[in-house]
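Observations on chain architecture
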Amino acid sequence: MRIVAEPPKKDLRERARKWLILLIASSCVAITTATFTYAYPETLAPIRRPLLLLHDLSGDAALIALLVYLVVHLRRVWRIKRQRDSRWTGYLAVALWLLAGGTGLYGQIFVLESGTLAYRAHLLSAIALIGASGIHGGLGYRRRLRAAGKDREPTS
């Protein structure tokens, strides 16, 4: 009898969960500070610089957390078959992440003036990323619910 060692799935799941929590927390801070800066430019003018700094730092933290999460997540799910919808929404989310992150880093080096192409690309890709990642997560959760339902014994 030959025993083949498999990577511990629970360990990968826990690591992915920790990085996902960090990603969500830093993204929430980035989204909130961006919303406050955009929606209340006059009211929050005295604290605009600290808000922008917090937005930049939390966006950078989200980029790093997503990069690590993506590596751990792909190690867990890449071999799963029949996940066409989930895979394509994942590709879309990564593309939007690259666009939002790239324009965000560009905005840290050069000024992102309101109305410019880079500003609009950052704003629209970040908003679309929120939706795409929600849809992607929902599709993955649906797969897990279906798998859990198949494991249950029928009730009479």
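To start, this report covers the structure provided alongside it. The model shown is predicted, which means the values in this text are computed figures rather than measured ones.

Some words on the packing of aromatic side chains
Following the criterion strictly, the structure yields three aromatic pairs and no others. Pairing Y106 with F110 gives two aromatic rings, centres 5.1 Å apart and planes at 45°, and the pair type is tilted. A relative accessible area of 46% means that F110 is categorised as partly exposed. Its end group placed over the ring of W78, R87 keeps NZ or CZ at 4.3 Å from the ring centre.

Focus on the packing of helix α2 (residues 48-77) against helix α3 (residues 84-109)
Relative orientation of the contacting elements α2 and α3 amounts to 155°, with a least axis distance of 11 Å. Relative to α3, the element α2 is oriented roughly antiparallel. For the element pair α2 and α3, the recorded crossing hand is left-handed. Between α2 and α3, the contacting residues are D56, D60, L63, L66, L67, L70 and V77 on the first element and R87, V94, W97, G101, L105 and Q108 on the second. Residue composition of the contact of α2 with α3, grouped by class: eight nonpolar, two polar and three charged.

Describing the pattern of salt bridges
The final tally for this structure, using the stated rule, is one salt bridge. Close ionic contact of R17 with E14 constitutes a salt bridge, the shortest N to O distance being 2.7 Å. One end of the pair, R17, and the other, E14, are both in helix α1 (residues 9-39), three residues apart, so they sit about a helical turn from each other. Classification of E14 as partly exposed rests on a relative accessible area of 32%.

Let's talk about α3
Helix length check: α3, at 26 residues, gives a terminal C-alpha distance of 38 Å against a target of 38 Å (1.5 Å per residue), a fit within 8%. Three or more residues of α3 are buried, namely S86, T89, G90, A93, L96, W97, A100, G101, T103 and G104.

Cut-offs and rules
- Residues numbered from 1 in each chain as written.
- Predicted model: local features only at pLDDT ≥ 70, side-chain atom pairs only at ≥ 80, totals over all residues.
- Heavy atoms only, no water.
- Phe/Tyr/Trp six-rings, centres within 6.5 Å; stacked < 30°, edge-to-face > 60°.
- Buried < 20%, exposed > 50% of the residue type's maximum accessible area, 1.4 Å probe, protein only.
- Lys NZ or Arg CZ within 6 Å of the ring centre and 35° of its normal.
- Axes fitted to C-alpha atoms, helices over the stretch in contact; angles between N-to-C directions.
- Helix = DSSP H or I, 4+ residues; strand = E, 2+ residues; numbered from the N terminus.
- Parallel < 35°, antiparallel > 145°, perpendicular 65-115°, else oblique.
- Left-handed = near helix turned anticlockwise from the far one by under 90°.
- Contact = heavy atoms within 4.5 Å.
- Nonpolar A, V, L, I, M, F, W, Y, C, P; charged D, E, K, R; others polar.
- Salt bridge = Lys/Arg side-chain N within 4 Å of Asp/Glu carboxyl O.
- Expected span 1.5 Å × (residues − 1).

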